[in-house]
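A structural walkthrough
The primary structure of each chain is shown beneath.
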Amino acid sequence: MTTGTEEPQWRKVHSVTGVTPRSRHGHRAAAIRELIIVFGGGNEGIAEYLHVYNTVSKQWFLPAVRGDIPPGCAAHGLVCEGTRILVFGGMVEYGKYTNSLYELQASRWLWKKLKPRAPRNGLPPCPRIGHSFTLVGNKCYLFGGLANDSEDPNGNVPRYMDDFYELELQSVSGARGWSIPETKGGGPSARESHTSVAYVSLGSPKLYIFGGMQGSRLDDLWQLDLNTMVWSTPQTTGSTPLPRSLHSASTIGNKMYVFGGWIPVPESDKHNALGTEWICTNSLSVLNLDTMNWQNLGPEQQDDIESQLQSQGPQSDDPYASRPRARAGHCAAAVGSRLYIWSGRDGYRKSWNYQVCCKDLWYLETDRPAAPEAVLLIKSTVSMLHVAWRPLAAADCYILQIQPVCPRSSAGSDPPAEPVHPSGTDGLEGPDKNSAGFQSHQPQTEGTTNKEVKASAQDAPAQQEATVKSSMEGSYTERCSAGQQTSAVEVSSSAQQQLEQQPVSADKTTDFYSHTDQNPDEAMWFDVGVLKTLFSEVSHYFLPADSDQVPAAISSRPPNTKERKLPGPQDYQGREKRELAPGQTFRFRVAGINCFGQGDFSPVSEFKTCQPGFPGAPSAVTITKANDSVHITWEAPSSPSGRILEYSMYMAVRKSRSTSSEGPGQMAFIRIYRGTKTSCSVSSTHLDNAHIDCSASNRPAVVFRIAAKNEQGYGPATQIRWIQDPSKLRASASKVDNSAEADQDAADSSS
């Protein structure tokens, strides 16, 4: 795999599966982790259904929404805050606009109609289309749009608007109320079908409004400083885009990407235009919001205009196209460093008697992949470590590396019966060096009424419904069945903890062993392979060719893509392998790869292969919530290596203040069960003392560990992260504040 890319590159998405939505224009999209939520729009009628696209599994699906389901709408405003989406305004029928505000709790696919308080200094926003609706912190900013002043529902008397509103959101759900901020510096003229983006840098947060329509297309750029509420027109350099409307503008990092839309035909080309005064474009322009420099990333405007004017009708799909074709009214959503666009109206002329919408899905690659989270462990055996990692939004494949650690002797012992020292030394895991370093898979749940959204390459065809969740992670959605709630959990097998000293063979890898107290960057890393999956059953690794033996401190850095050829699967053919030894500690790291090259490596994880004779880890863990307690069940190890004598279950607990100086990754555990049964109940007393672990990408969870014991001793532990609903945790933490504010200032209700 060779790379040398410097500018963003378009990639068409092929082989999409699932319930593909009908092509449309005037729709909106937002991203929640790796999911793109699409709502509204129209093409021979207003689209009513909510569609979701999983960018990892390349699947569309229709979630089972409930609650105050809004009518279909087009040219509306849509923002996303965490896992909730807000929709305001739009066209619900021809000539009929709305000013309704809806909220979607995507963790439960629950719609709610909101009724925020009216402004104290004016009227609430009127029904409209083509407005901008932008989220900054806990506030949404509404600007402009088009109203219909006709009293006849079948008539249309358009009125362009330049009003500006602020909507304050409540922390968990709902909106407090509208306000009309007092601004200075004039401000943008009345318009519709413009774009608005927010940019928060080291200075004050800013709002940028670009383009739009007011009888003619506009190309002005306005900046609002949200601290001083002063409008200004920043001075820009570079190639300013042509005036346009119905384009998209999205921020990734410090750049605003403007794509497509309607543009006017220049006077010099009107002799070829056959009366047409505006056309679609597929131009891409980028504004650096730090330097305020525009860059045109093609196609050249003149070439774009001429190709559109020469077109005699809607263009058919070109499987070899290198960029999206011209369109307007499409949707755009940034997933990590990738910008996705879907559908939109195809190039169109007044002389045509029909309209055609694009069906294709594209993404713009803008940067190397980010650093992944730490590698997680699914299962450990005597000769294999089944590891996995969560997906990266911008990775086409992954390079997985391993580093053997010189073994140390460690006597096996029973888990202690007394409360564990806050350092986390519990006889199972010791200090929790990496609480995120356990892979989760979704266990079978009893009585579950909704299926999970899975993006794992292991289970790509799985039905995707009912809850928003990242690949290979648990959901905090609670599901009701027969009066109980079966909660999603993350489960992982830890490595064998009680290890005897292992001899180190005098082979090629001996010189590259890393000692347990050695910095991982100071020892050699070995390639497991370049993988397109999100998991690997590692039973061996590849030894480097003599020319590849470079210091790890160099190889751990992202390569200079102009100087180094990234490895591909073919590069490992004929390479000498080294098998994983029993009772051996190994370090793992992973990095994503795309057309820009290799990204940064993940934090290092450590896992051990099992010692022969000890039992494997318990599996198929299920957590069922009933009232104030939880019931946990599991299955015996698939490889007991003898008779199972007992099980021990542990729970991470809050540390006392006297031990709060311990490292943040070290959890304290107490034993909550010891016995021969494959189930136990956890009382509310224990749960009240549970530590809420937020180390894994802010997914709060209660952590349990369970291990089995045979005649040899305890085997590897299975770690369970019982995912908690963050909105409920926030609500609990701010209960006092909320009760103090439970007045008309927080007016919000369901209709």
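**Overview of the overall build of the chain**
Across its full length, the chain holds five helices and 53 strands. Looking at the chain as a whole, 56% of its 751 residues qualify as buried. About 31300 Å² of surface is accessible on the chain, with carbon and sulfur atoms providing 48% of the total.

**Digging into the sheet that holds strand β16 (residues 195-199)**
Strand order in the open sheet formed by four strands is β16-β17-β18-β19, and the pairing between neighbours is antiparallel. Edge positions in the open sheet fall to β16 and β19 (230-232), since each of these has one partner strand only. Here the average twist between neighbouring strands, direction ignored, is 20°. Bridge count between strand β18 (residues 216-225) and β19: three bridges; the pairing is antiparallel. Within the sheet, the bridge partner assigned to Asp225 lies in β19 and is Val230.

**Considerations on the environment of Ser232**
Checked against the element boundaries, Ser232 lands in strand β19. The class for Ser232 is partly exposed, based on a relative accessible area of 27%. Discounting chain neighbours no more than four positions away, the residues touching Ser232 are Leu221, Trp222 and Gln223.

**Some thoughts on a nonpolar patch on the surface**
Taken together, Val19, Tyr49 and Leu62 make up a surface patch of nonpolar side chains, about 300 Å² in accessible area. Along the chain, Val19 turns up in the loop between β2 (17-18) and β3 (25-32).

**A look at the packing of aromatic side chains**
The tally for this structure, following the rule as stated, stands at 23 aromatic pairs. Ring geometry for Tyr141 and Phe164: centres 5.8 Å apart, planes at 10°, overall stacked. Remark: Phe164 occurs in strand β14 (residues 158-169) and Tyr141 occurs in strand β13 (residues 139-148); sequence separation between them is 23 residues. You'll find Tyr141 and Phe164 in the same group, each marked buried. Three or more aromatic residues joined by ring pairs form one cluster here, namely Tyr53, Trp60, Tyr340, Trp342 and Tyr363. The ring of Trp278 is capped by Arg217, whose NZ or CZ atom sits 5.3 Å from the centre of that ring.

**A closer look at the confidence of the model for the chain**
Looking at the chain, the pLDDT average stands at 79 and 71% of residues meet or exceed 70. Low confidence marks residues 409-487, where pLDDT is under 50. Its contacts with residues over four positions away, or in another chain, come to 260 contacts. Note that residues 735-751 has pLDDT below 50 and, in this model, 31 contacts with residues that lie over four places away or in other chains.

**Observations regarding the side chain of Arg244**
Note on placement: Arg244 falls in the loop between β20 (237-238) and β21 (248-252). For Arg244, the side chain forms a polar contact with the main-chain oxygen of Leu242, separated by 3.1 Å. With sequence-adjacent residues up to four places away left out, Arg244 is seen in contact with Phe210, Gly211, Gly212, Arg217, Leu218, Val258, Gly260, Trp262, Ile263, Thr281 and Ser283.

**Section: the pairing of strand β42 (residues 585-594)**
Along β42, 10 of the 10 residues are buried, which leaves the element largely enclosed by surrounding structure. Neither face of β42 is exposed, since Thr585, Arg587, Arg589, Ala591 and Ile593 on one face and Phe586, Phe588, Val590, Gly592 and Asn594 on the opposite face are all buried. Where strand β34 (residues 397-405) lies against β42, nine bridges are found, and the strand directions are antiparallel. Residue Gln401 lies in a different strand from β42, and its bridge partner there is Arg589. Sheet analysis places β42 next to strand β44 (residues 605-608), joined by four bridges and oriented antiparallel.

**Observations concerning unusual backbone geometry**
For residues that are not glycine, phi is negative in most cases, and the peptide bond is trans in most cases. Across the junction of Gly298 and Pro299, the peptide omega takes the value -5°, indicating a cis bond. Mapped onto the fold, Pro299 is located in the loop between β26 (293-296) and α1 (301-310). Even without a glycine there, the phi angle at Ser343 is positive, about 60°. For Ser343, a relative accessible area of 0% translates into the label buried.

**Examining the nonpolar core**
Counting 24 residues, the largest nonpolar core has Ile632, Trp634, Met649, Met651, Val682 and Phe704 as the members making the most contacts within it. Of all elements in the fold, only β45 (619-626), β46 (629-635), β47 (646-653), β48 (668-675), β49 (679-682), β51 (701-710) and β53 (718-723) reach the threshold of two or more residues within this core. Look past the residues within four positions of Ile632 in its chain and what remains in contact with it is Val621, Thr622, Ile623, Met649, Thr678, Ser679, Cys680, Val682 and Phe704.

**Overview of the pattern of salt bridges**
In the structure shown here, the tally under the stated rule is 17 salt bridges. In this structure, Arg338 and Glu365 form a salt bridge, with 2.8 Å as the shortest nitrogen-oxygen distance. With Arg338 in strand β29 (residues 338-342) and Glu365 in strand β31 (residues 361-365), the pair connects residues that are 27 residues apart, well separated along the chain. Judged by relative accessible area, which is 5%, Arg338 ranks as buried. Put simply, Arg390 and Glu373 hold a salt bridge, and the shortest N to O gap is 3.1 Å. With Arg390 in the loop between β33 (385-388) and β34 and Glu373 in the loop between β31 and β32 (376-380), this residue pair connects regions lying 17 residues apart in the sequence. Looking at Arg390, the relative accessible area reads 6%, which means it is buried. Judged by its relative accessible area of 25%, Glu373 falls in the partly exposed class. When salt bridges that share partners are traced, they join Glu81, Arg84 and Glu103 into one network.

**Examining the sheet that holds strand β25 (residues 284-288)**
What the five strands build is an open sheet, ordered β20-β26-β25-β22-β21; its pairing is mixed. The outermost strands of the open sheet, each flanked by one partner alone, are β20 and β21. Alignment of β21 against strand β22 (residues 255-259), held across five bridges, turns out to be antiparallel. Paired with Ile252 across the two strands is Lys255, which belongs to β22.

**Looking at the environment of Ser173**
Mapped onto the elements, Ser173 comes out in the loop between β14 and β15 (175-179). Sequence separation between Ser173 and Leu104 is 69 residues; the distance between their C-alpha atoms is 9.4 Å. One polar contact links Ser173 to Glu103, side chain to side chain, over a distance of 2.5 Å.

**A short note on the environment of Leu50**
Structurally, the position occupied by Leu50 is in strand β5 (residues 50-54). Through-space distance from the C-alpha of Leu50 to that of Ala64 is 9.0 Å; in sequence the pair is 14 residues apart. Contact partners of Leu50, with chain neighbours within four places excluded, come to Ile37, Val38, Phe39, Phe61, Leu62, Pro63, Val65, Leu104, Trp109 and Trp111.

Calculation criteria
Counting of residues starts from 1 at the beginning of each chain's written sequence and follows it residue by residue. Local features in a predicted model are, by the rule used here, given only for residues with pLDDT of at least 70; side-chain atom pairs are given and counted only at 80 or more, and totals for whole chains, interfaces and linings are based on all residues. Excluded from the side-chain calculations are hydrogens and water; all other atoms, namely the structure's heavy atoms, are used. Secondary structure counts use DSSP, requiring at least four H or I residues in a row for a helix and at least two E residues in a row for a strand, with both numbered from the N terminus. Working definition: with a 1.4 Å probe on protein chains only, accessible area under 20% of the residue-type maximum means buried, over 50% means exposed, and in between means partly exposed. Each accessible area is a Shrake-Rupley result for a 1.4 Å probe, and residues are judged covered by the shown protein chains and nothing else. Here, any two strands with at least 2 DSSP bridges between them count as paired. To define axes, lines are fitted to C-alpha atoms, for helices over the stretch in contact only, and angles between the resulting N-to-C directions are given on a 0 to 180 degree scale. Contacts are assigned to residue pairs that have any heavy atoms within 4.5 Å of one another. Each patch groups residues whose relative accessible area exceeds 30% and which form no salt bridge, using 9 Å between like charges and 5 Å between nonpolar side chains of Val, Leu, Ile, Met, Phe, Trp and Tyr. For salt bridges, the criterion is a side-chain nitrogen of Lys or Arg within 4 Å of an Asp or Glu carboxyl oxygen. Any two rings among Phe, Tyr and Trp, with Trp reduced to its six-membered ring, count as a pair given centres within 6.5 Å; such a pair is stacked if its planes are under 30 degrees apart, edge-to-face if over 60, and tilted if neither. For a ring to carry a charge above it, either NZ of a lysine or CZ of an arginine must fall within 6 Å of the ring centroid while also lying within 35 degrees of the normal to the ring plane. Confidence per residue, as judged by the predictor, is encoded in pLDDT with a range of 0 to 100. Contacts described as polar in this section are N or O atom pairs within 3.5 Å, which, within protein, must combine one atom able to donate a hydrogen with one able to accept it, while residues neighboring in sequence count only if both atoms come from side chains. For our purposes a nonpolar core is just a set of buried Ala, Val, Leu, Ile, Met, Phe, Trp, Tyr and Cys residues, chained together by side-chain atoms within 4.5 Å.

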